[in-house]
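# Structure assessment
The primary structure of each chain is shown beneath.
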Amino acid sequence: MARRPVAWAGAVALWAEAVGTALLNWFLGLAVDEQDMSLAGLDPHTMTVSTWIAGAVFGLYLTLCGLVLARVAVRDRGPGSSGRILLISAAVVHALLGAFAIGLVGWLAFVSLMVVLGLIVLTLVAYDRPFSPCAPSPTSP
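Presented here is an overview of the structure given in this document. It should be emphasised that the depicted structure is a prediction, and the values quoted were computed from it without experimental measurement. (Residues numbered from 1 in each chain as written. Predicted model: local features only at pLDDT ≥ 70, side-chain atom pairs only at ≥ 80, totals over all residues. Heavy atoms only, no water.)

### Observations regarding the packing of aromatic side chains
Taken as a whole and judged by the stated rule, the model has two aromatic pairs. On the numbers, 5.5 Å between centres and 90° between planes, the contact of Trp107 with Phe110 is edge-to-face. In this pair, Trp107 and Phe110 are both assigned in helix H4 (residues 107-126), three residues apart and thus about one turn of the helix distant. (Phe/Tyr/Trp six-rings, centres within 6.5 Å; stacked < 30°, edge-to-face > 60°. Helix = DSSP H or I, 4+ residues; strand = E, 2+ residues; numbered from the N terminus.)

### A few points about the pattern of salt bridges
Scanning the model with the defined rule gives one salt bridge in all. A salt bridge links Arg3 to Asp76; the shortest N-O distance between them is 3.4 Å. You can see Arg3 sitting in helix H1 (residues 3-35) and its partner Asp76 sitting in the loop between helix H2 (44-75) and helix H3 (81-104), a full 73 residues away along the chain. (Salt bridge = Lys/Arg side-chain N within 4 Å of Asp/Glu carboxyl O.)

### A closer look at the environment of Ser82
Assignment of secondary structure puts Ser82 in helix H3. For Ser82, a relative accessible area of 57% puts it in the exposed group. On a C-alpha basis, the gap between Ser82 and Leu64 in space is 12 Å, while along the polypeptide they are 18 residues apart. (Buried < 20%, exposed > 50% of the residue type's maximum accessible area, 1.4 Å probe, protein only.)

### Some words on the layout of surface pockets
Computed from the structure, the largest pocket encloses a volume of approximately 470 Å³. Mapped onto the lining of the largest pocket, the elements with two or more residues apiece are H1, H3 and H4. The element best represented in the lining of the largest pocket is H1, accounting for six residues. Across the lining of the largest pocket, the residue classes tally to 11 nonpolar, four polar and one charged. (1 Å grid on protein atoms, 1.4 Å probe; cavity = no way out; pocket = protein on both sides within 12 Å on 5 of 7 lines; lining within 4 Å. Points joined across faces, edges and corners; volume = space filled by probe spheres on them. Nonpolar A, V, L, I, M, F, W, Y, C, P; charged D, E, K, R; others polar.)

### Some remarks on the packing of H1 against H2
H2 packs onto H1 with a crossing angle of 175° between their chain directions and a minimal axis gap of 8 Å. With respect to their mutual orientation, H1 and H2 come out roughly antiparallel. Here the contact of H1 with H2 is composed, by residue class, of 23 nonpolar, 10 polar and four charged. (Axes fitted to C-alpha atoms, helices over the stretch in contact; angles between N-to-C directions. Parallel < 35°, antiparallel > 145°, perpendicular 65-115°, else oblique.)

Encoded structure:
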């Protein structure tokens, strides 16, 4: 089965997305700082630092999600409950960003977000725990 390559591809995609997000926020922070922009009277330097912090936090979040997928691929076992919750939250974030990306950025951004979403969901489904009922089924003797 192709569980491991899908998990590796998802990890690499999330790491690339983490770097891209961090670099984009760094660039946006520089643009705000160079143009000395202000929003509703906020200090431009505060806006710059806030943008950099947001990029670092989101980049670390995506890197952690990639590490969970890499660990899944190396061990060839599903993530634990905290890893599963982290990956589900990443899937929800990608679905919401994809919905916004259609109108704001374009179809290419939407498709790339949906590919990453698909890799995350496929990994979660492929490594799903097998069903083990506590009680015997009604058809058993």
